[in-house]
Amino acid sequence: MQARIAIGFRLMPGGWGNIGFLVLVSLLLLGFIAPLLLDLSPYRISAELLAPPSWNPLSVPVLGTDDLGRDMFARLVYGARCSLGIGFVVVAVSLVIGVGLGLLAGVYGGWLDALIMRLVDLLMCLPSILLAIVIVAVLGSGLGNAIVAVTIIGIPRFVRVVRSMTIQEMQKTYVMAAFASGSSRLRVLWSEVLPNCVPPVIVQAALGFSDAILEIAALGFLGLGAKPPVAEWGAMLADARPFIESHPLLVVMPGACILLTVLSFNLVGDALRDRLDPKLARL
Amino acid sequence: MSLVNMPGAGANEVVLRVENLCKVFRLPGAHGQAFKALNQLNLAVTRGRTLAVVGESGSGKSTMAQLVMKLQRPSAGRVSLRLDSGMRDIADLPARELYRKIQMVFQDPYASLNPRQRIWRIVSAPLCNYERLSRDERQQHALHYLQQVGLGEAQLHAFPHMLSGGQRQRVNIARALATKPEILILDEPLSALDVSVQAQIINLLLDLQRDLGLTYIFISHDLAVVRHFADQVLVMKSGDMVEWGDVDQVLENPAHVYTRQLLQSVPGRLIDLPVRTQSASVVADG
Ligand SMILES: Nc1ncnc2c1ncn2[C@@H]1O[C@H](COP(=O)(O)OP(=O)(O)OP(=O)(O)O)[C@@H](O)[C@H]1O
Ligand SMILES: [Mg+2]
């Protein structure tokens, strides 16, 4: 039990990262617990259109309603759930694929390494949002395809860091000692190489989260991701655009949510990097 | 193991034979030059004996060890090992069978232990390639082998950085013993240790040889230790085999200039054992 608590504390990234961490935890609670406790619906339409925020926590549309009379607070909460949920799926899938490819490239080298790394270069040579647009254009627009696109874009960061770690590790004498005791390549990767990849991969995952959320929102804003009725921050931003002068808060609120989330993930990622992976720290 | 301890049985039996072993490295670059690290090496190792391999730095000693351990592929030649069924080429042996017979202690006792693993995990890792073991069983086995090399419960859960150099080398030896090998390759097992610890490790190795009937290939810089420790000696120079024979004969009566140079560069050190580490002058002279 004490160990559990200790691990909980070790998850805290430290410094500014702690603030980011707390923001993310509260967003997570808001997105996944609030809908269970409160009677919130992102789609229910009330008669009050474009109601201003009341700023009174007891009144029902706390943050007012949008142009169709939908509760802004509910939509933001469901947007948090959407962004964090999608971010999680995207990071999890691109992490698994990226780590796998990185290990393959690092262990086998040769043409397989060359092939994987050229594909990675290809993915990294365009700005990610442009690439996301290209992929969505090929696959067709929609939230599902946007997720696929962002997942693909998330892969290279993991491939690169895991490949370089693997190449370094495979030179180590203790890896040779593992081979010399009859361990198979798979076992060596699993028990000697992979554990050393964990810290940089965690750092990349935190940074990948923020990129994924930003890209999903951008695609939503461009109308290539989430489609109108869905409560997604990027799409909400796009919906609110016509009212930017008359009701600026409709734009500011989802925008601030995106900013806050992305910023928090970056703070956490950077703090983790400083702590877990000093070699990679930005200068 | 019991077979080995039986007096007479398998005496003078060759357990490892190296024939025409060559290793050529291609140096990096588009038209990489070929570099001969090992050239036409021949040797035979007798059961229960110690063969020392000496030579200056870069003479290919570790390369030879890695070829014999099948950690690298030879450019030419072969290594064969005695199994119950007779001599077998290690190229045809599955890893599981090979590493049951032969194990190695690596040159650097610091680098050869994974810094992120606890000692019990390191020592029992080889066993996991042969049977499924629970955590408890692994710790029991690890403790057994640690006790065999003079360590104990105190080190079981430590990380490598918590141990002294001599203790780490003992852990390395314990790991090498874990598959109950018959042949142990010791790649400069003393060079990273200070003198008092060197003597302890030598005594440990001698005890283990006596108790377990181990056959050693002992790579070293230090001719004084070799003389005390080995039965036969192989002298190498830049990948070539210079001289090979019984220790007394080669060190008393070196047939080759290079051996004589090696001997001269360690003046007065052939008689008494408590010795200084690595003779740096060997390198300088050669
Ligand atoms: N992977 C490799 N690629 C190219 N050259 C290599 C490689 N491994 C070893 N060599 C070269 O082969 C030669 C022999 O190296 P080796 O490590 O066997 O020497 P050694 O006798 O063990 O020396 P030391 O006493 O310093 O350990 C050296 O010149 C080394 O540079
Ligand atoms: Mg060496």
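Structure first, text after, so check above.
Keep in mind it's a predicted model, so treat the numbers as computed, not measured.

Participant: Any details on the overall build of chain A? Residues and values, ideally.
Facilitator: For chain A, the helix and strand inventory stands at eleven helices and zero strands. Listed by position from the N terminus, the elements making up chain A come as α-α-α-α-α-α-α-α-α-α-α. Within chain A, the proportion of its 283 residues that are buried is 46%. Once local pairs closer than 6 in sequence are excluded, the contacts in chain A between residues at least 24 apart make up 70%. For chain A, the accessible area works out to roughly 14,200 Å², and carbon and sulfur atoms hold 72% of it. Charged side chains in chain A number 19 positive and 17 negative. The centres of these two groups are separated by 10 Å.

Participant: An account of the sheet that holds strand β6 (residues 102-105) of chain B is requested, with residue identities and associated values reported.
Facilitator: Residues and elements named next belong to chain B. Ordered by their spatial adjacency, six strands build an open sheet running β6-β7-β8-β3-β9-β10, and the pairing between neighbours is mixed. The strands lining the two open edges of the sheet, one partner per strand, are β6 and β10 (240-246). With direction set aside, neighbouring strand axes in the sheet form an average angle of 15°. In terms of strand pairing, strand β3 (residues 50-55) meets strand β9 (residues 232-237) through five bridges, oriented parallel.

Participant: An account of the packing of helix α4 (residues 72-108) of chain A against helix α10 (residues 233-240) of chain A is requested, with residue identities and associated values reported.
Facilitator: Residue and element names in this part refer to chain A. Interhelical geometry of α4 versus α10 gives an angle of 140° and a closest axis separation of 9 Å. When the axes of α4 and α10 are compared, the pair comes out oblique. Contacts between α4 and α10 pair M72, R75, L76, G79, A80 and S83 from the former with W233, M236 and D239 from the latter. A class-by-class count of the residues in the contact of α4 with α10 yields five nonpolar, two polar and two charged.

Participant: Any details on the site of ligand 1? Residues and values, ideally.
Facilitator: Residues and elements named next belong to chain B. If you check the shell around ligand 1, you find 14 residues, and the closest are S57, G58, K61, S62 and T63. With respect to ligand 1, the backbone of S59 contributes an N or O atom lying 3.2 Å from an oxygen atom. Residue G60 places a main-chain N or O atom 3.0 Å away from an oxygen atom belonging to ligand 1. Alone, ligand 1 offers 630 Å² of accessible surface; in the complex the protein occludes 65% of this. Looking at the shell around ligand 1, the elements with two or more residues in it are β2 (34-46) and α2 (61-68). In terms of residues, the shell around ligand 1 owes the most to one element, α2, which gives three residues.

Participant: Give me the nonpolar core: which residues, what numbers.
Facilitator: In this structure, B:I173 and B:L177 are the most contacted members of the largest nonpolar core, which totals 53 residues. At seven residues, helix α8 (residues 195-212) of chain B tops the list of elements feeding residues into this core. Once residues lying within four places of it in the same chain are set aside, the contact partners of B:I173 are B:V105, B:V149, B:I201, B:L204, B:L205 and B:L208. A:L27, A:L103, A:M253 and A:V268 belong to the second largest nonpolar core, which has 49 residues in total.

Participant: An account of the sheet that holds strand β1 (residues 14-26) of chain B is requested, with residue identities and associated values reported.
Facilitator: Residues and elements named next belong to chain B. Taken in spatial order, the four strands of this open sheet run β2-β1-β4-β5, and their pairing is antiparallel. Single-partner strands in this sheet number two, and they are β2 and β5 (86-89). Sheet twist, expressed as the average angle between the axes of neighbouring strands with direction ignored, equals 20°. Where β1 meets strand β4 (residues 76-83), five bridges bridge the pair, whose relative direction is antiparallel. Opposite E19, over in β4, you have R78 as the bridge partner. Here α2 sits on the sheet in contact with β1, β2 and β4, set at roughly 120° to β1.

Participant: Mind laying out unusual backbone geometry, listing which residues take part and the relevant values?
Facilitator: Residue and element names in this part refer to chain B. Look at K70: it is not a glycine, yet its phi comes out positive at around 60°. Relative to the elements of secondary structure, K70 occurs in the loop between α2 and β4. On the basis of relative accessible area, K70 is assigned to the partly exposed category, the value being 32%.

Participant: Would you mind going over the layout of surface pockets in detail, with residue names and values included?
Facilitator: Estimates place the volume of the second largest pocket at around 600 Å³. A:M170, A:F179, A:R185, B:L71 and B:Q72 are, among the 15 residues lining the second largest pocket, the residues nearest its centre. The element contributing the most residues to the lining of the second largest pocket is helix α8 (residues 173-180) of chain A, with three residues. Class assignment for the residues of the lining of the second largest pocket results in eight nonpolar, three polar and four charged.

Participant: Explain the pairing of β10(B) to me, using residue names and the numbers behind them.
Facilitator: Two elements, β9(B) and β10(B), share six bridges in a ladder whose sense is antiparallel. By the bridge assignment for β10(B), B:L234 is matched with B:W244.

Participant: An account of α8(A) is needed here, citing residue identities and associated values.
Facilitator: All of the buried residues in α8(A) are A:Y174, A:V175, A:A177, A:A178 and A:A180. Those residues of α8(A) that are buried lie in contact with α7 (143-170) and α9 (185-221) of chain A together with α3 (95-101), β6 and α7 (165-177) of chain B. At the C-terminal side of α8(A), A:G182 shows a positive phi close to 95°.

Participant: Can you break down the packing of aromatic side chains residue by residue, with the values?
Facilitator: This structure, assessed with the given rule, holds three aromatic pairs over all chains. A ring pair is formed by A:F209 and A:F265, whose centres lie 4.4 Å apart and whose planes are at 10°; its orientation type is stacked. Of this pair, A:F209 sits in helix α9 while A:F265 sits in helix α11 (residues 249-276), placing them 56 residues apart in sequence. On the numbers, 4.5 Å between centres and 50° between planes, the contact of B:F218 with B:F229 is tilted. Residue B:F218 is located in strand β8 (residues 215-220), and its partner B:F229 is located in helix α9 (residues 223-229); the two are separated by eleven residues in the primary sequence. Looking at B:F218, the relative accessible area reads 1%, which means it is buried. An aromatic cluster is built from B:Y216, B:F218 and B:F229, whose rings are joined through pairwise contacts. Lying over the aromatic face of B:Y130, B:R100 brings its terminal NZ or CZ to 4.4 Å of the ring centre.

Analysis parameters
Residues numbered from 1 in each chain as written. Chains lettered and ligands numbered in written order. Predicted model: local features only at pLDDT ≥ 70, side-chain atom pairs only at ≥ 80, totals over all residues. Heavy atoms only, no water. Helix = DSSP H or I, 4+ residues; strand = E, 2+ residues; numbered from the N terminus. Buried < 20%, exposed > 50% of the residue type's maximum accessible area, 1.4 Å probe, protein only. Contact = heavy atoms within 4.5 Å. Areas by Shrake-Rupley, 256 points an atom, 1.4 Å probe, with all protein chains shown as cover. Lys, Arg positive; Asp, Glu negative; His and termini not counted. Charge placed at Lys NZ, Arg CZ, Asp CG, Glu CD. Pairing = 2+ DSSP bridges. Axes fitted to C-alpha atoms, helices over the stretch in contact; angles between N-to-C directions. Parallel < 35°, antiparallel > 145°, perpendicular 65-115°, else oblique. Nonpolar A, V, L, I, M, F, W, Y, C, P; charged D, E, K, R; others polar. Near = heavy atom within 4 Å. Polar contact = N/O pair within 3.5 Å; in protein donor to acceptor, adjacent residues only side chain to side chain. Core = buried A, V, L, I, M, F, W, Y, C linked by side-chain atoms within 4.5 Å. 1 Å grid on protein atoms, 1.4 Å probe; cavity = no way out; pocket = protein on both sides within 12 Å on 5 of 7 lines; lining within 4 Å. Points joined across faces, edges and corners; volume = space filled by probe spheres on them. Phe/Tyr/Trp six-rings, centres within 6.5 Å; stacked < 30°, edge-to-face > 60°. Lys NZ or Arg CZ within 6 Å of the ring centre and 35° of its normal.

Read these as geometric descriptors, not functional statements.
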